[in-house]
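Below are the chains, spelled out letter by letter.
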Amino acid sequence: MRQYIVDAFTDKLFHGNQAAVCVLDKWLPEELMMNITRENNFSETAFAVKSNDGYDLRWFTPGGEINLCGHATLATAFVLFNYYEKNADNITFHTMSGDLFIHRQQDEIVMDFPAYRLNETPVTEQMTKATGHTPVRAFIDRDLMLVYEDEQIIREMSPDFDEMIQLDGGGVGVTAPGKEYDCVSRFFTSKDKINEDPVTGSAHCMIAPYWAEQLGKKEIHAYQASERGGKLECRIQADRVVIIGKAVLYSVSELFV
């Protein structure tokens, strides 16, 4: 079985976020997909199967299947546009989060995602213990989002992951206003067996709507300040978030499974 490894939300190798992509003729047993994911040990491995009007798409972390992943969707679209659907400019992915509409725009990929809700929740002592800093606001949906006043806090944050795993939500996004960008963020996913996700599209389904509301803007230029780093262009359209990014191929391999 062929597998592609793609760096997403970047146009430079060894930056952005790695995802493994397997395009299948039919679904593999779930145990095998989990074993492949754990062997890769990336934050996500994506599996896609062609359907009548698009592709069925699933995402797995080393900790289990998740319901939405931005960078692995970008990586899968990159693989399909370049190797399987060379004449197509649009792909529909059928997923646990509904249909995702993907468009190729020159060397960029435009993805239409559902926006998360901004359910404000009280700031707690546990949030401070986990991150080392007290957030000014906190919000919860699938993930927890903590807002800080200074991007330097985000860039220099050294979380206590034993404490962070006690927090509500699947992952923990931390964000602050940026100087060069509208916002700067990081995303921690210790519950999925990966402490920090380098660049996270799904987290910006929450981060981008928040900063759009705060800044009075429809378009948000975002930077995820992990060690690898990545840029995301986000556009708010009602209850959807359009996320635009680039990707680059790292490898193509054969899996003997």
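Residues numbered from 1 in each chain as written. Predicted model: local features only at pLDDT ≥ 70, side-chain atom pairs only at ≥ 80, totals over all residues. Heavy atoms only, no water.

A. Spatial organisation of the overall build of the chain. A count of helical and extended segments in the chain gives six helices and 18 strands. The C-alpha atoms of the chain give a radius of gyration of 17 Å, which matches the 18 Å a tight globule of 257 residues would have. Across its three principal axes, the chain shows a C-alpha extent of roughly 50 × 35 × 30 Å. For the chain, the exposed surface amounts to about 11,500 Å²; the carbon and sulfur share of it is 45%. Distance between charge centroids for the chain: 3 Å, based on 24 positive and 39 negative side chains. (Helix = DSSP H or I, 4+ residues; strand = E, 2+ residues; numbered from the N terminus. Rg over C-alpha atoms; globule rule 2.2 N^0.38 Å. Areas by Shrake-Rupley, 256 points an atom, 1.4 Å probe, with all protein chains shown as cover. Lys, Arg positive; Asp, Glu negative; His and termini not counted. Charge placed at Lys NZ, Arg CZ, Asp CG, Glu CD.)

B. Quick look at the environment of methionine 1. Looking at the secondary structure, you find methionine 1 in the segment before β1 (2–8). By relative accessible area, methionine 1 is classed as partly exposed at 26%. In contact with methionine 1, other than residues within four places in its own chain, are Cys22, Leu24, Leu28, Ile36, Ser253, Glu254, Leu255 and Val257. (Buried < 20%, exposed > 50% of the residue type's maximum accessible area, 1.4 Å probe, protein only. Contact = heavy atoms within 4.5 Å.)

C. Spatial organisation of the environment of alanine 75. As for its position among the elements, alanine 75 is in helix α2 (residues 70–84). Separated by 71 residues in sequence, alanine 75 and tyrosine 4 place their C-alpha atoms 8.8 Å apart.

D. Region of the structure containing the side chain of asparagine 17. On the secondary structure map, asparagine 17 appears in strand β2 (residues 17–24). On the basis of relative accessibility, which here comes to 0%, the residue asparagine 17 falls in the buried class. A polar contact of 2.9 Å, which involves the side chain of asparagine 17, links it to the side chain of aspartate 197. There is a polar contact of 2.8 Å between the side chain of asparagine 17 and the backbone oxygen of valine 199. Residue contacts for asparagine 17: discarding those within four places in its chain leaves Val6, Asp7, Ala8, Ser43, His71, Asp197, Pro198, Val199 and Arg228. (Polar contact = N/O pair within 3.5 Å; in protein donor to acceptor, adjacent residues only side chain to side chain.)

E. Fine view of the packing of aromatic side chains. In the structure shown here, the tally under the stated rule is eight aromatic pairs. Look at phenylalanine 47 and phenylalanine 60: their rings are 5.7 Å apart centre to centre, the planes differ by 85°, and that puts the pair in the edge-to-face class. One end of the pair, phenylalanine 47, is in strand β3 (residues 45–51); the other, phenylalanine 60, is in strand β4 (residues 54–61), and 13 residues separate them in sequence. For the pair formed by phenylalanine 47 and phenylalanine 60, the shared burial category is buried. (Phe/Tyr/Trp six-rings, centres within 6.5 Å; stacked < 30°, edge-to-face > 60°.)

F. Region of the structure containing the nonpolar core. One finds Phe9, Trp59, Phe93, Ile102, Ile109, Met111 and Ile243 to be the most contacted residues of the largest nonpolar core, which totals 54 residues. Counting residues in each nonpolar core, the second largest holds 19 residues, with Ala130, Leu144, Leu167 and Ala176 among its members. (Core = buried A, V, L, I, M, F, W, Y, C linked by side-chain atoms within 4.5 Å.)

G. How the structure looks around the pairing of β4. Across the eight residues of β4, seven count as buried, placing the element largely inside the fold. Two successive antiparallel strands, β3 and β4, enclose a turn made up of two residues. Of the strand pairs in this sheet, β4 and strand β6 (residues 90–95) are connected by two bridges, and their pairing is parallel. Across the sheet, residue tyrosine 55 finds its bridge partner in β6, namely phenylalanine 93. As defined by bridge partners, β4 adjoins strand β5 (residues 64–66) across three bridges and the pair is classed as antiparallel. Residue threonine 61 lies in a different strand from β5, and its bridge partner there is glycine 64. Counting the residues between successive antiparallel strands, the hairpin from β4 to β5 contains two residues. (Pairing = 2+ DSSP bridges.)

By themselves, these observations are geometric and do not establish any function.
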